[in-house]
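# Chain and residue survey
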Protein chains: 2
Amino acid sequence: MRLSQFHLNTSKETPADAELPSHRLMLRAGMIRKLAAGIYTWSPLGLRVLRRVEAVVREEMQRAGAVEMLMPSIQPRELWEETGRWEKFGGQLLKLRDRKEAEFAYGPTHEEVVTDFARNELSSYRQLPLAVFQIQTKFRDEIRPRFGVMRAREFLMKDAYSFHLTAEDLDREYWNMYAAYGRIFERLGLRFRAVLADTGAIGGSASHEFHVLADSGEDAIAWSDGSDYAANVELAEALAPAAPRPAATESLREVETPAQRTCEDVAALLGIPLARTVKSLALVGEQGFVLALLRGDHALNEIKLRKVEGLGEYRMATEAEILEHLGAAPGFLGPVNPARPLQVVADRAVAAMADFVVGANRDGYHLAGVNWGRDLPEPAVVADLRNAEAGDPSPDGKGTLAIARGIEVGHVFQLGQKYAEAMGATVLDEQGKARVLHMGCYGIGVSRIVAAAIEQNHDEAGIRWPEAMAPWRVAVCVINPKNDPAVAAAAESLYSELAAAGIDTVLDDRGLRPGQMFADMELVGIPHRVVVSARGLENGTYEYRSRSADESEALERAALFARLAPKTA
Amino acid sequence: MRLSQFHLNTSKETPADAELPSHRLMLRAGMIRKLAAGIYTWSPLGLRVLRRVEAVVREEMQRAGAVEMLMPSIQPRELWEETGRWEKFGGQLLKLRDRKEAEFAYGPTHEEVVTDFARNELSSYRQLPLAVFQIQTKFRDEIRPRFGVMRAREFLMKDAYSFHLTAEDLDREYWNMYAAYGRIFERLGLRFRAVLADTGAIGGSASHEFHVLADSGEDAIAWSDGSDYAANVELAEALAPAAPRPAATESLREVETPAQRTCEDVAALLGIPLARTVKSLALVGEQGFVLALLRGDHALNEIKLRKVEGLGEYRMATEAEILEHLGAAPGFLGPVNPARPLQVVADRAVAAMADFVVGANRDGYHLAGVNWGRDLPEPAVVADLRNAEAGDPSPDGKGTLAIARGIEVGHVFQLGQKYAEAMGATVLDEQGKARVLHMGCYGIGVSRIVAAAIEQNHDEAGIRWPEAMAPWRVAVCVINPKNDPAVAAAAESLYSELAAAGIDTVLDDRGLRPGQMFADMELVGIPHRVVVSARGLENGTYEYRSRSADESEALERAALFARLAPKTA
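Calculation rules
- Residues numbered from 1 in each chain as written.
- Chains lettered and ligands numbered in written order.
- Predicted model: local features only at pLDDT ≥ 70, side-chain atom pairs only at ≥ 80, totals over all residues.
- Heavy atoms only, no water.
- Pairing = 2+ DSSP bridges.
- Helix = DSSP H or I, 4+ residues; strand = E, 2+ residues; numbered from the N terminus.
- Contact = heavy atoms within 4.5 Å.
- Axes fitted to C-alpha atoms, helices over the stretch in contact; angles between N-to-C directions.
- Buried < 20%, exposed > 50% of the residue type's maximum accessible area, 1.4 Å probe, protein only.
- Arc of directions from axis to C-beta.
- Least-squares fit on C-alpha atoms with pLDDT ≥ 70 in both.
- Parallel < 35°, antiparallel > 145°, perpendicular 65-115°, else oblique.
- Left-handed = near helix turned anticlockwise from the far one by under 90°.
- Phe/Tyr/Trp six-rings, centres within 6.5 Å; stacked < 30°, edge-to-face > 60°.
- Lys NZ or Arg CZ within 6 Å of the ring centre and 35° of its normal.
- Core = buried A, V, L, I, M, F, W, Y, C linked by side-chain atoms within 4.5 Å.
- Buried area = accessible area lost by both parts, 1.4 Å probe.
- Salt bridge = Lys/Arg side-chain N within 4 Å of Asp/Glu carboxyl O.
- Polar contact = N/O pair within 3.5 Å; in protein donor to acceptor, adjacent residues only side chain to side chain.
- Expected span 1.5 Å × (residues − 1).

### With respect to the sheet that holds strand S15 (residues 288-295) of chain A
Across a sheet, paired strands are connected by hydrogen bonds in the backbone, their directions being either parallel or antiparallel. Residue and element names in this part refer to chain A. In spatial order, the strands read S16-S14-S15-S17-S20; together these five strands make up an open sheet with mixed pairing. The open sheet has two free edges, formed respectively by strand S16 (315-316) and strand S20 (381-383), since each of these has just one partner strand. By the bridge criterion, two bridges tie strand S14 (residues 278-285) to S16 in an arrangement that is antiparallel. Opposite leucine 283, over in S16, you have methionine 316 as the bridge partner. Packing of helix H9 (residues 319-326) onto the sheet brings it into contact with S14, S15 and S16, and relative to S15 it is tilted by some 85°.

Here it is, written out as structure tokens:
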């Protein structure tokens with residue numbers, strides 16, 4: 001491609017309303033243009049990158065045995081009624097009416113449509129398993145679309161669905177897709193982790209998210225330095241301390257804490273580590289008032305808390321309820337000497353503590369030297385209530401957890417029979433008996449990957465594309481071609497030879513000043529830059545620079561081609 | 001591809017509600033499945049064909065210098081207000097509101113969005129010309145969606161747009177695109193014609209439609225057997241007869257035609273050719289009552305009639321108006337002896353007639369032997385009012401016109417400054433002066449091409465794909481593989497060798513009976529079929545049959561490969 005014939009339109013100005021580096025850089029490089037909130041045009045440059053991702057995703061899905069199809073974006077309400085999601089999906093479902101007032105939605109996902117396809121197409125176990133995928137535009141009417149294409153309303157997604165006679169066969173396909181996802185992100189050159197995910201309301205039996213690691217990621221991921229273990233922090237188990245609870249060494253005493261309402265303040269006043277304090281959360285669950293206890297330095301994990309029996313739909317207690325059950329105001333609460341008999345749910349770490357500090361249930365006071373069994377009953381329920389933290393032992397017993405930030409770009413899910421059951425998707429088995437299909441779904445946010453890759457790979461000068469995602473592998477920059485025909489000819493010839501060698505190259509023949517050209521190529525993130533100049537021609541060399549290197553090198557022709565040839569994997 | 005791992009699902013039953021062969025065959029072959037009226041899922045088989053078309057379109061657009069981009073499907077109302085099309089586009093525009101009640105449309109076309117892109121991106125003449133394209137899903141809310149994907153509501157379109165400083169440069173690009181379109185349809189292997197089209201309400205300066213020729217086509221096309229001339233019949237000029245008007249030979253006489261109200265009936269009664277009669281159409285235009293005259297055997301072309309001055313908004317006259325101006329009832333009208341002075345508009349053919357027959361303006365009577373100048377004044381206006389017909393001389397003076405039926409699959413259009421003017425899309429020229437952009441648009445109905453190709457290429461057994469569009473080039477059918485391992489192995493080996501030779505092949509390893517296999521491959525339209533059987537193995541031959549041939553041939557390996565290799569163009 002000659003850049004003079006390509007619509008490249010970069011900008012030095014940093015867009016005011018773009019918060020994330022990827023959003024800023026995609027706008028500055030001219031990859032995307034906003035049409036409306038969360039709705040973007042992909043410019044020629046942006047589309048080149050999007051297509052790179054699409055191609056890798058398509059190849060690996062095909063290699064995994066899935067066949068491509070294309071379902072409509074506009075879906076009739078009736079199908080969504082069958083699964084109850086017309087209402088349950090919520091405000092993200094963009095609903096519309098056609099000229100005959102029939103109701104439709106712009107598909108945010110295709111479980112209903114593909115299950116309808118399956119129930120019409122599949123009648124016999126002989127047609128199973130079936131795995132299909134599509135790469136298609138979706139719409140989710142986000143309340144707060146932001147971060148450019150990272151959280152857009154209209155976006156490009158790869159969604160795959162598989163159908164099986166048995167749960168075992170679904171499980172086999174699930175791991176097949178899991179492996180394909182690994183290959184996809186590896187080929188794209190991204191640092192990623194597959195993490196255990198919460199199956200949530202859908203209630204399937206297994207689920208993994210694939211995250212691109214980046215400091216700006218919205219999700220926290222706990223991963224082990226000693227094994228493959230990784231999980232969304234929402235889900236990562238915090239093991240009970242390995243050592244048994246120490247024996248009590250202190251006696252119980254009340255301490256005055258007139259203005260100390262937080263564990264931090266109390267620890268500071270007493271000159272003790274925060275990890276010696278316990279915070280009390282007053283809740284109301286199905287059985288009434290509950291006090292949940294967490295170590296002062298630990299963070300509550302609401303998803304875990306809701307898994308405790310009776311707390312699935314918990315709410316925070318009101319001040320009146322707190323006063324009634326504990327006899328004190330928030331800030332001075334604890335499990336010792338409540339006003340009424342108390343249900344206590346203790347985090348595993350709290351259950352293993354001795355000589356700890358809690359609120360005294362008396363305004364302005366805390367208790368120190370508290371010990372289970374002596375000063376209060378052993379906790380009735382001990383559970384994992386906290387977020388896993390860096391330094392925790394890995395739940396699989398191998399290594400220590402670290403926490404990373406991630407951007408979710410893929411999700412694999414064993415849906416089981418949920419949709420097939422709701423929509424009556426069955427086949428006849430070998431005995432001629434109707435069997436409800438088992439189903440998996442497997443999504444990749446194709447357009448989001450573009451933004452996530454930039455979050456992971458950028459510097460002050462711009463984007464640093466992994467080679468597989470770069471709009472072009474090589475940029476040939478020509479110095480002063482209009483006034484130096486020999487240089488122009490040499491650049492043309494190099495460009496042709498690189499193209500002939502199958503090396504995807506862009507020729508910057510726009511005739512800009514070198515500084516402008518170089519800045520553009522760095523902003524746009526081309527991995528390899530070659531400068532053709534009069535001085536180089538004299539020396540018989542090209543000035544080569546990798547996007548990741550600080551310095552240029554003068555390379556002769558053979559060395560240059562060796563450097564630019566794609567590495568065979 | 002092994003068919004056992006591909007979801008092929010054919011049917012012998014003819015779908016009841018499918019009127020066109022393409023619709024029936026696409027359903028029977030399992031290429032498409034209806035989700036809602038005018039909304040179809042493309043199955044894996046259907047998508048393979050769609051992607052073939054897409055690939056050829058993309059390559060030729062790129063070869064023509066257009067760069068690909070991707071605009072959103074959801075477009076804000078505000079842009080459509082700028083061009084007045086939010087109202088004017090009519091019911092086909094699918095309008096919707098998001099959760100914040102902002103109004104949008106699902107794009108049926110992208111002139112507004114691309115002009116908005118252009119006015120933001122383009123500031124200098126140096127950035128011109130720019131030609132962009134996208135291949136993208138569109139929605140048009142047809143009142144009567146039908147014929148499957150031929151007239152669907154959701155469909156796949158290639159739309160391209162170009163921007164220019166001058167009308168001359170637009171004209172250059174227009175013919176560049178025109179040539180690219182020709183290459184596209186040639187490469188797809190379709191018989192097509194580029195025809196002059198009416199620029200209609202958009203009022204651009206030039207427009208051609210590209211039609212795939214098929215008997216079932218909705219459009220009539222007039223084309224010359226002696227030149228490249230072709231035009232939609234709506235537009236094709238009917239020349240004045242080459243010979244001058246003959247001299248009068250008959251005298252005017254009234255003939256009784258008590259029940260003869262049509263030219264056909266009158267000609268039959270008088271025993272004369274229909275071409276000797278003249279029919280009178282009573283109209284009301286801007287200047288009042290007008291009588292338009294057409295030869296009895298000619299068909300009125302309303303578009304041409306509306307181009308006559310004063311008739312742009314004509315309507316048919318009422319019976320009262322007819323009685324007032326002519327003094328007779330419909331069926332006996334004519335230009336001779338009207339009740340009031342009359343405006344006559346004669347078709348060119350009528351103006352050249354002598355001794356013709358018209359209504360007598362007296363109920364139950366016609367006049368015969370009518371001659372211009374003698375029995376009535378020469379017509380005030382002579383114009384081309386009729387449809388061109390087979391046998392007419394070509395308007396370019398070369399050859400004779402024939403009429404063909406066509407399916408419109410492409411359209412190129414010089415929009416001029418209409419959209420750029422309305423939306424303020426300007427650039428600075430070399431003198432620093434703001435200039436309104438000139439714009440062209442170029443559409444191809446990608447999904448419609450699939451149906452049109454079938455209309456043109458099918459037989460009793462099914463689809464006969466042109467090679468470039470076939471889902472696979474070659475089908476290898478294996479006879480009885482489960483019971484004959486040698487045959488199965490030979491088929492596998494042939495399949496691998498064909499794949500290695502770059503010949504796109506499907507292996508029918510489903511283990512069906514030969515008749516079922518062959519019927520499927522014919523229905524699905526694979527151009528080349530190779531049967532691997534025990535008998536063939538014994539003889540060292542393969543049974544080869546072209547989809548277009550009646551008989552099979554026994555070919556040895558080398559001859560087979562020679563036959564299957566793609567012809568170099």
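### Comments concerning helix H9 (residues 319-326) of chain B
Residues and elements named next belong to chain B. Within H9, burial applies to Glu321, Ile322, His325 and Leu326. Viewed along the axis of H9, the buried residues span an arc of 100°, placing them on a single side of the element. What points out from H9, more than 90 degrees from its buried face, is the exposed set Glu319, Ala320 and Leu323. Where the residues of H9 are buried, they touch strand S14 (278-285), strand S15 (288-295) and strand S16 (315-316). Positive phi shows up at glycine 327, right after H9, with a value of about 80°.

### Some thoughts on the relation of the copies chain A and chain B
With an axial shift of 0.1 Å and an RMSD of 0.1 Å, the rotation relating chain A to chain B amounts to 180°. As the rotation angle and translation indicate, the two copies are arranged about a two-fold axis. Of every C-alpha in chain A, the one belonging to leucine 96 of chain A sits nearest the axis of rotation, 2.7 Å from it. In this assembly the copies share their binding face: 100% of the residues contributing to the interface of chain A also contribute to that of chain B.

### Points about the packing of helix H13 (residues 485-500) of chain A against helix H16 (residues 557-564) of chain A
Residues and elements named next belong to chain A. In the contact formed by H13 and H16, the axes pass within 12 Å of each other and the chain directions differ by 45°. One way to sum up the angle between H13 and H16 is to call them oblique. Relative to H16, H13 is oriented so that their crossing is right-handed. Along its contact with H13, which presents Leu494, Glu497 and Leu498, the element H16 presents Arg557, Leu560, Phe561 and Leu564.

### What to know about the packing of aromatic side chains
Considering all chains together, one arrives at 25 aromatic pairs over all chains under this definition. Ring plane angle 50° and centroid distance 5.6 Å describe the contact between tyrosine 106 of chain A and phenylalanine 139 of chain A, whose orientation is recorded as tilted. Residue tyrosine 106 of chain A is located in strand S6 (residues 103-106), and its partner phenylalanine 139 of chain A is located in strand S7 (residues 130-139); the two are separated by 33 residues in the primary sequence. By relative accessible area, phenylalanine 139 of chain A is classed as buried at 1%. Consider the rings of tyrosine 106 of chain A and tyrosine 106 of chain B, whose centres lie 5.3 Å apart with planes at 20°: the pair is stacked. Of this pair, tyrosine 106 of chain A sits in strand S6 while tyrosine 106 of chain B sits in strand S6 (residues 103-106), placing the two residues on different chains. As far as the burial class goes, tyrosine 106 of chain A and tyrosine 106 of chain B line up, both buried. Feature note: the residues Tyr174, Trp175, Tyr178, Tyr181, Phe185, Phe192 and Phe210 of chain A constitute an aromatic cluster, connected by ring pairs. The side chain of lysine 418 of chain A reaches across the aromatic face of tyrosine 419 of chain A, ending 5.7 Å from its centre. Over the face of the ring belonging to tyrosine 365 of chain B we find arginine 362 of chain B, whose NZ or CZ atom lies 3.8 Å from the ring centre.

### Considering the nonpolar core
Counting residues in hydrophobic clusters, the biggest one holds 220 residues, and the most contacted among them are Met31, Phe185 and Trp465 of chain A together with Met31, Phe185 and Trp465 of chain B. Residues Ile322, Val336, Met353 and Ala360 of chain B belong to the second largest nonpolar core, which totals 24 residues.

### Digging into the pairing of strand S21 (residues 401-416) of chain B
All names here are of chain B. Looking at chain direction, strand S10 (residues 206-213) and S21 are connected through eight bridges and run antiparallel. By the bridge assignment, glutamate 209 is partnered in S21 with histidine 411. With six bridges connecting them, strand S11 (residues 219-224) and S21 associate as antiparallel partners. Bridging across to S21, serine 224 finds its partner in leucine 401. Bridge count for S21 against strand S24 (residues 438-445) is six bridges, and the pairing is antiparallel. For valine 412, the partnering residue across the bridge sits in S24 and is tyrosine 442.

### Thoughts on the interface of chain A and chain B
In this assembly, 53 residues from chain A lie in contact with 53 residues from chain B. For the pair chain A and chain B, the summed buried surface comes to about 4,300 Å²; carbon and sulfur atoms form 60% of the total. Linking chain A to chain B there are six salt bridges. In this structure, glutamate 121 of chain B and arginine 33 of chain A form a salt bridge, with 2.3 Å as the shortest nitrogen-oxygen distance. In this assembly, chain A and chain B are joined by 24 residue pairs in polar contact (both at pLDDT 80 or more).

### Focus on unusual backbone geometry
Residues leucine 128 of chain A and proline 129 of chain A are joined by a peptide bond in cis, for which omega reads -10°. Among the secondary structure elements, proline 129 of chain A is positioned in the loop between helix H5 (111-121) and S7. Located in the positive-phi region is asparagine 361 of chain A, a residue other than glycine, with phi close to 60°. If you trace the backbone, asparagine 361 of chain A turns up in the loop between strand S18 (356-359) and strand S19 (365-370). Exposure remark for asparagine 361 of chain A: the relative accessible area of 8% places this residue in the buried category. One non-glycine residue, asparagine 480 of chain B, lies in positive phi territory at about 55°. Within the secondary structure, asparagine 480 of chain B is located in the loop between strand S27 (474-478) and helix H13 (485-500).

### Here we look at helix H2 (residues 44-63) of chain A
The end-to-end C-alpha separation of H2 of chain A is 28 Å, in line with the 28 Å expected for 20 residues at 1.5 Å each. Note on H2 of chain A: the residue one or two positions beyond its end, glycine 65 of chain A, has a positive phi of about 95°.

### Description of the environment of arginine 362 of chain A
Residues and elements named next belong to chain A. Inspection of the secondary structure puts arginine 362 in the loop between S18 and S19. Sequence-wise, arginine 362 and proline 338 are 24 residues apart; in three dimensions their C-alpha atoms are separated by 9.7 Å. With residues up to four places along the chain from it excluded, the contact list for arginine 362 reads Glu254, Ala328 and Phe332. Within the structure, the side chain of arginine 362 is placed 2.4 Å from the side chain of glutamate 254, a separation counted as a polar contact.

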